[in-house]
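Report on the structure
Given next are the chains, with one letter for each unit.
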Amino acid sequence: MQLRTFAIAALAASLVPLLVSCNAAPSSAAKGAPQYVVPTASGRVSGELVPHTKVVVFKGIPYAAPPVGKLRWRAPQPVHPWKGIRPAHHFSDSCMQETPNQILPWTPAFMTHRHVSENCLYLNVWTPRAAASANLPVIVFIHGGAFTSGAGSIRIYNGTHLAQTGMVIVTINYRVGIFGFFAYPQLTAESPHHGSGDYGLMDQIAALRWVKRNIRAFGGNPNRVTIWGQSAGAMSVEALTLSPLAKGLFEQAQADSGIGIRGFPMPSLKAAEAKGEKFAQRIGAHSLKQLRAIPAAKLLADVRNSNQVGPNVDGWVLPASLRKLTADGSGSHVPLVAGWNANDWFLGERPVSSVKAYRILARRFYGKMTGEFLRLYPASTVAQAKAMQKLSSEDRDRVSTYLWAVLRDKSHSAGGTQPIYTYYFDRAIPWPQHPEYGAFHSSELPYFFRNLKEMERPWQTVDFRVSDEAAAYLKNFASTGNPNGAGLPHWPRVTSGTPSTLQLGARTGAMPLASPARLAFWKKYFASPESVHAPIF
């Protein structure tokens, strides 16, 4: 069946120029707007030209069957084929989640505003040349949202302006919250792989398989795919680079604000199942049949305060913890980019308001190493405490990612090393009303996506220069596995002998991770038992 599907896809791709070649006239839509028709393995879809551009967008293409009814909490199933031409002119529903208008610092441009439902496994494609001969690099973006929210249709993920640089951009939905990460003994028992809970990751893998099978018809090169994720999406990228199920589905990976030496803590399958059982008991459900019968909206309301989120080490998608898989050299040996924003640390700790609070925080994070920490980051006034909290957190993030990169590079050396590049993004979005947020978590995305104009801010010339540089690095990386290129400051790859990173902002260029004494402290800290107390961000 798999070979037959692949053959159909290949045949379909060969027929693409009928309507979608750049030199071919598009078909006419009912309302008079031009349409562009592309074949997929499941049927033909029609997209629309983005006004005032040469980019064609296809919205709401199904990559898996709706995970509803008996398919709730199952691996994604194949799409049901359709006849005729399926309009791909509107974004699909977002996956089940709460939909607040904003949660500062995330303004409406960072939030999903669409209707939510379980019928949400769709993706979107932006292409500057919808022709099978185009052979353009492909980026598949995996949204963040703490594994509880997010969607591929969010405004700052608009792929139009990044596609204009000569790439095919794909954004996806995947199941989140309890719908994407619910582990339960009866689910494990019914699974042929004896695992449960990682359905959101399985969705991402299914989307990548769809891309591998179909993207050539949209102008993309299926052998030049980059996965790119932010926050929970970055943690997903790390998981995908380590999962045996995702091998061969991408050639490069970029993770924004989510990868470090400590790693994202994932429970064992047994612990995740126990949590699932506790939740089921709390809501009075005594069987899998009862759980699947609960309306999605009620289930979402039931789970609101239960903290039922995140992947687990299920033994199938993830055979072991991320740290062990990294140390063992498991997974995909591909070039990687990983970085942090200057104020990512806001997610893991509140800004201190006194010297006493600073010292209490230090004891909580650094335990027996608190004295050494305070000698390196001293504070005797409130202003100094605030400054040292910020500096130490930034140093910690930079060194953590560097140590992770060295570990991965060392563990993969036997199979042939692939380059790793790290960055530190410190350009704050101009925001006179809230300067305290600075370069906050996810604020790099409008720059990388070339979407500054999606937000009303007093942008300066430097912001557009930073956006151009970020997008150019991304384009180079997606095209060759190396972000460097003409006209850009050199971005050094990580090696154990060069503890530096790329500063990306008003100043762009290589920078040290920390002073020598502070670097030595962080290396010692992350090798000690005290590091289990370090925040993720």
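Residues numbered from 1 in each chain as written. Predicted model: local features only at pLDDT ≥ 70, side-chain atom pairs only at ≥ 80, totals over all residues. Heavy atoms only, no water.

1. Brief notes about the overall build of the protein
From N to C terminus, the protein includes 17 helices and 14 strands. Against the compact-globule benchmark of 24 Å for 537 residues, the protein has a radius of gyration of 23 Å, which places it among compact chains. In terms of principal-axis extent, the alpha carbons of the protein reach across some 70 × 60 × 50 Å. Residues classed as buried in the protein amount to 59% of the 537 residues present. Long-range contacts, defined here as pairs at least 24 residues apart, represent 75% of the contacts in the protein between residues at least 6 apart. For the protein, the exposed surface amounts to about 21600 Å²; the carbon and sulfur share of it is 57%. (Helix = DSSP H or I, 4+ residues; strand = E, 2+ residues; numbered from the N terminus. Rg over C-alpha atoms; globule rule 2.2 N^0.38 Å. Buried < 20%, exposed > 50% of the residue type's maximum accessible area, 1.4 Å probe, protein only. Contact = heavy atoms within 4.5 Å. Areas by Shrake-Rupley, 256 points an atom, 1.4 Å probe, with all protein chains shown as cover.)

2. Considerations on the packing of aromatic side chains
Taken as a whole and assessed by the stated rule, the structure comprises 39 aromatic pairs. When the ring of Trp-522 is compared with that of Phe-526, the centres are 6.3 Å apart and the planes differ by 35°; the resulting orientation is tilted. One end of the pair is Trp-522 and the other is Phe-526, both in helix α17 (residues 516–526) and four residues apart, which spans about a single turn. When sorted by exposure, Trp-522 lands in the same class as Phe-526, which is buried. Among the aromatic side chains, those forming a connected cluster through ring pairs are Phe-141, Tyr-157, Trp-228, Tyr-421, Tyr-423, Phe-448, Phe-449, Tyr-473 and Trp-491. The ring of Trp-82 is capped by Arg-86, whose NZ or CZ atom sits 5.2 Å from the centre of that ring. For Arg-457, the ring lying beneath its charged end belongs to Trp-431, and the centroid distance is 4.5 Å. (Phe/Tyr/Trp six-rings, centres within 6.5 Å; stacked < 30°, edge-to-face > 60°. Lys NZ or Arg CZ within 6 Å of the ring centre and 35° of its normal.)

3. Quick look at the state of the cysteines
Using the criterion set out here, one finds one disulfide in the structure. Between the sulfur atoms of Cys-95 and its disulfide partner Cys-120 the distance amounts to 2.1 Å. Note on the Cys-95 and Cys-120 pair: the S-S dihedral is about 90°, so by sign convention the disulfide is right-handed. Of this pair, Cys-95 sits in the loop between β5 (85–87) and β6 (122–127) while Cys-120 sits in the loop between β5 and β6; the two residues are 25 residues apart in sequence, bridging distant segments of the chain. Look at Cys-95 and you get buried, because its relative accessible area is 1%. (Disulfide = S-S within 2.5 Å.)

4. Description of the pattern of salt bridges
Inspection of the entire model under this criterion finds 14 salt bridges. The partner of Lys-524 in a salt bridge is Glu-372, with the nearest N and O atoms 3.2 Å apart. One end of the pair, Lys-524, is in helix α17; the other, Glu-372, is in helix α13 (residues 370–376), and 152 residues separate them in sequence. By relative accessible area, Lys-524 is classed as partly exposed at 47%. A cluster of three or more residues bridged by salt bridges with shared partners is formed by Arg-74, Glu-190 and Arg-292. (Salt bridge = Lys/Arg side-chain N within 4 Å of Asp/Glu carboxyl O.)

5. Here we look at the environment of Pro-66
Looking at where Pro-66 falls in the secondary structure, it is placed in the loop between β4 (56–62) and β5. For Pro-66, a relative accessible area of 29% corresponds to the partly exposed category. In the structure, Pro-66 is positioned 14 residues away from His-80 in sequence and 9.6 Å away in space, judged by C-alpha atoms. Setting aside its immediate chain neighbours within four residues, Pro-66 contacts Leu-71 and Asn-119.

6. Brief notes about the layout of surface pockets
Leftover empty space is mapped by rolling, across the atoms, a probe with the size of a water molecule. Size it by volume and the second largest pocket reaches roughly 1100 Å³. Elements with a contribution of two residues or more to the lining of the second largest pocket: α4 (177–181), α7 (232–242) and α10 (296–303). In terms of residue count, the dominant contributor to the lining of the second largest pocket is α4 (three residues). Counted by class, the lining of the second largest pocket contains 28 nonpolar, 17 polar and two charged residues. (1 Å grid on protein atoms, 1.4 Å probe; cavity = no way out; pocket = protein on both sides within 12 Å on 5 of 7 lines; lining within 4 Å. Points joined across faces, edges and corners; volume = space filled by probe spheres on them. Nonpolar A, V, L, I, M, F, W, Y, C, P; charged D, E, K, R; others polar.)

7. Quick notes on the side chain of Asn-221
Mapped onto the elements, Asn-221 comes out in strand β9 (residues 220–230). Polar side-chain contacts of Asn-221 include one of 2.8 Å to the backbone nitrogen of Asn-223. If near-sequence neighbours (up to four positions away) are discounted, Asn-221 is found in contact with Asn-135, Leu-136, Val-138, Ile-215 and Arg-216. (Polar contact = N/O pair within 3.5 Å; in protein donor to acceptor, adjacent residues only side chain to side chain.)

8. Quick look at the side chain of His-441
Mapped onto the secondary structure, His-441 falls in the loop between β12 (420–425) and α15 (445–448). A distance of 2.6 Å separates a polar atom in the side chain of His-441 from a polar atom in the side chain of Asp-344. Those residues within four positions of His-441 in sequence are excluded, and the remaining contacts are Trp-106, Gln-230, Ser-231, Ser-257, Asn-341, Asn-343, Asp-344, Leu-347 and Phe-537.

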